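# Geometric and topological summary
So the chains spell out like this:
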Amino acid sequence: MHVHHLNCGCMCPWGGRLWDGASSGLMGRLICHCLLVETNQGLVLIDTGFGTRDVAAPYERLSPLFVHMNRIQLDWRFTALAEVEARGFSARDIRHIVLTHLDFDHAGGLEDFPEATIHVMQNEVDAARSRDGFIARRRYRPEQWDDVRHWHFHSAGGERWFGFEAVRDLPGLPPEILMIPLPGHTAGHAGVAIETPQGWLLNAGDAYFHRYEMNRHPHCTPGLAAYQRLMEVDREERLYNQDRLRELANRRRGVRIFCSHDPIEYEALVQLSAPAREESAAVPASRRHEAGYAAHVS
Ligand SMILES: [Zn+2]
């Protein structure tokens, strides 16, 4: 089991550090943190950021409101397909995609991986299909997923993971990958937990947006606090889940939590996985396509 950290999107809203708490210029910097997981059952993507079709035709697929407000940088380099190919794999190697939710900045790359089965919570797909309300019509973009052929919808079913409800045994995926329902940002929003040889990783998606929200004394920038309120569907649930994540982050060793859009969290995790990445890069691309390669690097 080896995990690659990918950046599949870049957004630079006006306001600089009012958004990210770090930029010195007029524009903030947010990323789309996705994962590529090498398992002994093939390659799995966690979220897809923006896709090549978004880059080619943004106004046919994305809401102009978010293109301009978030200042989405539409660039082929910031797509899951480019990130996957940069590591010597091809689109056809991706067998499964697990989604935190179906927002435009997480589901844009789905159609770049036509062989993949898409795993998402049932109540998320219900909300995305009904698109009920001003924000819902702009956040959920059926143009990004109407060509998807293989779906698998899930409901939480009694499993527990560190006190959270969980969906384990996702069909076709190893038991080390679980969905953790974390509603509030959207109705069917879920984190994705992965057990690696180095411990647990929890991709919390958009359950929070700024790294300091996981501190014992949490803090969020004004831009990201306002954005989270704009996008939430249930404030009580969102804040309750943030509290639970914060408690897990501070009390439980061996669980590393990160969100989708914080570039500092992303860069720290890229650094941590660097030795394994270099080892992986030493393997010729031709060998990586051999069946069972993933087993050699577990
Ligand atoms: Zn997002």
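The structure under discussion appears in the preceding block.
Attention here is on the structure that accompanies the text.

Conventions we followed
- Residues numbered from 1 in each chain as written.
- Predicted model: local features only at pLDDT ≥ 70, side-chain atom pairs only at ≥ 80, totals over all residues.
- Heavy atoms only, no water.
- Donors = N, O, S within 2.8 Å, 3.2 Å for Na, K, Ca; no water.
- Tetrahedral: all angles 85-135°; square planar, octahedral: opposite > 155°, others 65-115°.
- Buried < 20%, exposed > 50% of the residue type's maximum accessible area, 1.4 Å probe, protein only.
- Helix = DSSP H or I, 4+ residues; strand = E, 2+ residues; numbered from the N terminus.
- Pairing = 2+ DSSP bridges.
- Axes fitted to C-alpha atoms, helices over the stretch in contact; angles between N-to-C directions.
- Contact = heavy atoms within 4.5 Å.
- Phe/Tyr/Trp six-rings, centres within 6.5 Å; stacked < 30°, edge-to-face > 60°.
- Disulfide = S-S within 2.5 Å.

Looking at the metal site, the zinc ion is ligated by Asp105 (OD), His106 (NE2), Asp206 (OD) and His261 (NE2), spaced 2.1 to 2.3 Å from it. Taken together, the four donor atoms coordinating the zinc ion span angles of 86 to 154 degrees at the metal, a pattern that classifies the geometry as irregular. For His106, a relative accessible area of 2% puts it in the buried group. The exposure class assigned to His261 is buried, which follows from its relative accessible area of 2%.

Of all five residues that make up strand β5 (residues 117-121), five are buried, and the element is covered over most of its length. The two faces of β5 match: Thr117, His119 and Met121 on one face and Ile118 and Val120 on the other face are all buried. One ladder, built from three bridges, connects strand β4 (residues 94-98) with β5; its direction is parallel. The partner of Val98 across the bridge, within β5, is His119. Sheet topology note: the β5/strand β6 (residues 150-154) ladder contains five bridges and is parallel. For Val120, the partnering residue across the bridge sits in β6 and is Phe153.

Across the sheet, six strands lie side by side as β1-β2-β3-β4-β5-β6; this open sheet has mixed pairing. Looking at which strands have only one partner, the edges of the open sheet turn out to be β1 (2-11) and β6. Going across the sheet, the axis of each strand differs from the next one's by a mean of 20 degrees, ignoring polarity. This element, helix α10 (residues 263-272), spans β1 and β2 (30-39) of the sheet and lies at about 150 degrees to β1.

What follows covers the sheet that holds strand β11 (residues 199-203). A sheet is described by the order of its strands in space; here four strands give the open sequence β9-β10-β11-β12, paired in mixed fashion. Both edges of this open sheet fall to β9 (177-181) and β12 (255-258), since each of them pairs with a single strand only. On average, adjacent strands in this sheet sit at an angle of 20 degrees to one another, irrespective of strand direction. Direction of pairing for β9 relative to strand β10 (residues 190-196): antiparallel, over a ladder of five bridges. In the sheet register, Pro181 faces β10, and the bridge partner there is Ala190. Against the sheet, helix α9 (residues 235-251) engages β9, β11 and β12, with an angle of about 140 degrees to β12.

Applying the stated criterion across every chain, the model contains ten aromatic pairs. Where Trp151 meets Phe153, the ring centres are 5.7 Å apart and the plane angle is 35 degrees; that geometry is what we call tilted. On the basis of relative accessible area, Trp151 is assigned to the partly exposed category, the value being 22%. Residue class for Phe153 comes out partly exposed when judged on its relative accessible area of 26%. An aromatic cluster is defined as three or more aromatic residues linked by ring pairs; in this entry it consists of Trp161, Phe162, Phe164 and Trp200.

Within this structure, the stated rule accounts for zero disulfides. Just so you know, Cys12 is unpaired, no disulfide at all, and the nearest cysteine sulfur is the one on Cys10, 3.9 Å from it. No disulfide involves Cys32; its sulfur sits 6.3 Å from the nearest other cysteine sulfur, which is in Cys34. A relative accessible area of 2% means that Cys32 is categorised as buried.

The element β11 is extensively covered by neighbouring structure, given that four of its five residues are classed as buried. In this structure, β10 lies alongside β11, joined through five bridges in antiparallel fashion. The partner of Ile194 across the bridge, within β11, is Leu201. The turn linking β10 back onto β11 is made up of two residues. Examined bridge by bridge, β11 and β12 share four bridges and lie parallel to one another. Bridging from a neighbouring strand, Asn203 pairs with Phe258 of β12.

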